[in-house]
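# Commentary on secondary and tertiary structure
The lines below spell out each chain.
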Number of protein chains: 2
Amino acid sequence: MKPVKVGICGLGTVGGGTFGVLTTNAQNITRRAGRDIIVEQIATRQPNPDYDTSAYKLTDDVFAVAQNPEIDIIVELIGGYDVAKKLVLTAIENGKHVVTANKALIAEHGAEIFAAAEAKGVSVMYEAAIAGGIPIVKALREGLAANRINWLAGIINGTGNFILTEMRDKGRDFADVLQEAQQLGYAEADPTFDVEGIDAAHKLTILASIAYGIPLQFSRCYTEGISTITTEDVQYAEELGYRIKHLGISCQSERGIDLRVHPTMVPASRPIANVDGVLNAVMVNGNAVGDTMYVGAGAGAGPTASAVVADIIDLARSMDADNSARVNHLAFNTIEDEQVLPIEDIETAYYLRIQALDKAGVLASVASLLSERGISIEAIIQREPAPGEELAQIILLTHRVQEKVMNDAMTAIEGLNSVVGQLTRIRVEHL
Amino acid sequence: MKPVKVGICGLGTVGGGTFGVLTTNAQNITRRAGRDIIVEQIATRQPNPDYDTSAYKLTDDVFAVAQNPEIDIIVELIGGYDVAKKLVLTAIENGKHVVTANKALIAEHGAEIFAAAEAKGVSVMYEAAIAGGIPIVKALREGLAANRINWLAGIINGTGNFILTEMRDKGRDFADVLQEAQQLGYAEADPTFDVEGIDAAHKLTILASIAYGIPLQFSRCYTEGISTITTEDVQYAEELGYRIKHLGISCQSERGIDLRVHPTMVPASRPIANVDGVLNAVMVNGNAVGDTMYVGAGAGAGPTASAVVADIIDLARSMDADNSARVNHLAFNTIEDEQVLPIEDIETAYYLRIQALDKAGVLASVASLLSERGISIEAIIQREPAPGEELAQIILLTHRVQEKVMNDAMTAIEGLNSVVGQLTRIRVEHL
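Residues numbered from 1 in each chain as written. Chains lettered and ligands numbered in written order. Predicted model: local features only at pLDDT ≥ 70, side-chain atom pairs only at ≥ 80, totals over all residues. Heavy atoms only, no water.

As annotated in an unreviewed UniProt entry, chain A carries the name Homoserine dehydrogenase and is attributed to Bacterioplanes sanyensis. Per UniProt, chain A has the following entry under Sequence similarities (unreviewed entry): "Belongs to the homoserine dehydrogenase family." A UniProt comment under Catalytic activity (unreviewed entry) is attached to chain A, and it reads "L-homoserine + NAD(+) = L-aspartate 4-semialdehyde + NADH + H(+)". (UniProt positions renumbered as here; feature names shortened; annotations may be inferred.)

The secondary structure content of chain A amounts to 14 helices and 18 strands. Computed over C-alpha atoms, the radius of gyration of chain A comes to 24 Å, within 12% of the 22 Å expected from 2.2 N^0.38 for 431 residues, which places it in the range of a compact globule. Counting over 431 residues, chain A shows a buried share of 60%. Within chain A, counting contacts between residues at least 6 apart in sequence, those at least 24 apart form 73% of the total. Looking at chain A, you have 35 positive and 55 negative side-chain charges, and the mean spots of the two groups are 6 Å apart. (Helix = DSSP H or I, 4+ residues; strand = E, 2+ residues; numbered from the N terminus. Rg over C-alpha atoms; globule rule 2.2 N^0.38 Å. Buried < 20%, exposed > 50% of the residue type's maximum accessible area, 1.4 Å probe, protein only. Contact = heavy atoms within 4.5 Å. Lys, Arg positive; Asp, Glu negative; His and termini not counted. Charge placed at Lys NZ, Arg CZ, Asp CG, Glu CD.)

Now for helix α10 (residues 198–212) of chain A. The end-to-end C-alpha distance of α10 of chain A, which contains 15 residues, comes to 21 Å, matching closely the 21 Å that a straight helix rising 1.5 Å per residue would cover. Where α10 of chain A ends, the next residue or the one after it, glycine 213 of chain A, has phi of about 70°, a positive value. (Expected span 1.5 Å × (residues − 1).)

This part covers the environment of glutamate 384 of chain B. Structurally, glutamate 384 of chain B can be placed in the loop between β15 (377–383) and β16 (392–398). C-alpha of glutamate 384 of chain B to C-alpha of threonine 18 of chain B: the two residues are 366 residues apart in sequence and 56 Å apart in space.

Another aspect to go through is the pattern of salt bridges. Taken as a whole and assessed by the stated rule, the structure comprises 60 salt bridges over all chains. For the salt bridge of aspartate 258 of chain A with arginine 260 of chain A, the shortest nitrogen-to-oxygen distance reads 3.0 Å. Of the residues examined, arginine 260 of chain A reaches a relative accessible area of 1% and is grouped as buried. For the salt bridge of aspartate 314 of chain B with lysine 138 of chain B, the shortest nitrogen-to-oxygen distance reads 2.8 Å. Taken together, the residues aspartate 314 of chain B in helix α12 (residues 301–318) and lysine 138 of chain B in helix α6 (residues 136–143) connect sequence positions 176 residues apart. No difference in accessibility class separates aspartate 314 of chain B from lysine 138 of chain B, as the two residues are buried. Ionic contacts of the salt-bridge type, sharing partners, join the residues Lys138, Glu142 and Asp314 of chain A together with Lys138, Glu142 and Asp314 of chain B into one network. (Salt bridge = Lys/Arg side-chain N within 4 Å of Asp/Glu carboxyl O.)

Listed per partner, the contact involves 56 residues of chain A and 56 residues of chain B. Interface area for chain A against chain B, summed over the two sides, is near 4500 Å², with a carbon-plus-sulfur share of 51%. Contact with chain B buries area across many residues of chain A, yet Arg31, Arg32 and Arg317 of chain A alone supply 19% of it, more than any other trio. Our enumeration of links across chain A and chain B arrives at 29 residue pairs in polar contact (both at pLDDT 80 or more). Elements with a contribution of two residues or more to the side of chain A that touches chain B: α2 (26–33), α6 (136–143), α10, β13 (290–297) and α12 (301–318) of chain A. No other element matches the 9 residues that α12 of chain A contributes to the side of chain A that touches chain B. Taken together, the residues of the side of chain A that touches chain B break down into 28 nonpolar, 17 polar and 11 charged. Examined bridge by bridge, β13 of chain A and strand β13 (residues 290–297) of chain B share 5 bridges and lie antiparallel to one another. (Buried area = accessible area lost by both parts, 1.4 Å probe. Polar contact = N/O pair within 3.5 Å; in protein donor to acceptor, adjacent residues only side chain to side chain. Nonpolar A, V, L, I, M, F, W, Y, C, P; charged D, E, K, R; others polar. Pairing = 2+ DSSP bridges.)

So, in structure tokens, the structure goes:
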């Protein structure tokens, strides 16, 4: 078969990695794809010093690549929204398949992009957009296709997992570890996307769509970051036999779809609680297969390029065939709009930390405020004020309850005279 | 598109499960496949009381199904070799695609079956043959296709993992747990296939082929079971910070291919060491992606059916397209024969347990016999004889060394006057 010609747009970490994998593993890739895969052109503002691209056609104009009649597949690795979207739509308009690692673009503009691709009979592939080298998109779209997916939950931001792992292992506080993560290149200068859960929400939005066949709806994803997690809470979690992970969680029930990113306490003995550092992991529960889990590096040149090139090979294997042989962009032929539950309507268990002046009296009042609302308590830790401090700590684990009921209970508890300040609340899942 | 018609051969655990998933999840499956998937005929000696098949065409003749002109895909779930092979070849001869969960058949007769299928332009799919519901075949053939695979290692027999987990958690001995596993239905009346590693070797043979693009060569797989593992060794492993798992391991190096199933000590903190009970897990290391791991149920009606039906959906999505759009049976277009290393030529670390009459003198002699052969010691435990016993125990962990050198050292140690009986040796991998 004739070679497949690829145009790489962007030669940063992932673009360079993609160039590196396509050239280093060329022989292996040809054996797998059944044809050569050739880098025809590269668009970049500046060469990447880690790779020798001197023998290749370089341009600084990504649109020249998207319009190059020699090229079959455009690889969009420039990131961001506006130019990336225009680039992808131009490539589609020119009848080219697209491979992208851009989670923000797919989560926020996927519907428009996929519609354009379907109209043109081309594919837009995005395995690299979620959990780096872990083939989780393929697992959900194809490997688990027999199942009704009940829920999925994942550590899908390596920066956040690195920070939480360091906080637990070394007792360091959030700001301190974040600074190190920035020095190590794990976190951006502006860490908001990572630590406030926006990046994870982009990925979760895509995962939920391909799990349930629902529209991409990033704006309905509830997002809560890890910047308010304290070393105290990390230690109390440990004492209770739990660990705090920043999870993206989505479930499908008769009540609707949960779509939420927030710090979550999970039992320490569960495999996902033991996925540490910059690793990613996604658990998927299907009605036939039960629990499955997928673990690997969620970022970095090699892992992300592994996913980008897997998509290129998939296209190389199928691009000459009838369009119908390809899997639908969102895994389902028909997308059904199911209600995404507001966060007030989800149901989960809770960890509460209460600071109080008068511990004995408070506990009785707190217990009664919870009990009145039908919230039962699973575990309690009480701590006397440390020497020189005035506040006692009451830590509670509750059974599952609807969030709006918990909100109401928390307001009532915060209204008690001897309770000081706001409660700390972390959701608990027994994955 | 017109419906895909499936013939299910065998209505035992997996056949029943497949029928159940296809009917229970029919709506979901149609949304994913873009067409209906219909059970056209079922071959079974007796109805399965767990499923209502009264509305379906039943026969006791599997060959009638293989020849039924209405049927597009034959699902072979009768197991075993002779009839299954004839059934699969008959189906292929009649131009039908085949989905099978039969690891023994693929590992031992895959080359012949795939050649017949390729000649006829049909596909034989076998995701369910390895690690139940975990989509590991798809991950290796497609998801990680960009990589040169360096090594893979897996817990690919749930029975063995259940036994080793119980031995560790409860200090029970092998025979005792095996009996329970048989009562629970986890182990066959004749447990040889599971506990002696033959079942795992079948699966490893297939995994290595699709990882490296080498021929299926079950006969070259080294196989060692877990029936000789004692509670003593389980405890010493724990003391040294390790756990014993029955692993299938394959690596690709310049020296050749490792293909081996044996009890293996792995550091207790590694994720795969924490995959317990009947769960399966496969780790795969690729030169781009690094380490990845896939975890889930390795057997049972639902998980295995999940994989069978995923294969059916894959076929339904692509069967009307040009044959070239499908992935090669063994993932590579060209199969290259690389040398499988004899077990004497592999290199690994070792755990040795030595029983001796006179501990002090022996240790010096043992250390010198190892040192003469360039084998360095990583850790030592010495145990005085227990009250009423005469033998002291010396436990050693060594650094990596070629197995033939270790064999020679073991023979020399066993020749020492004060050493009693044979050494216990367990291979150690720092996965």
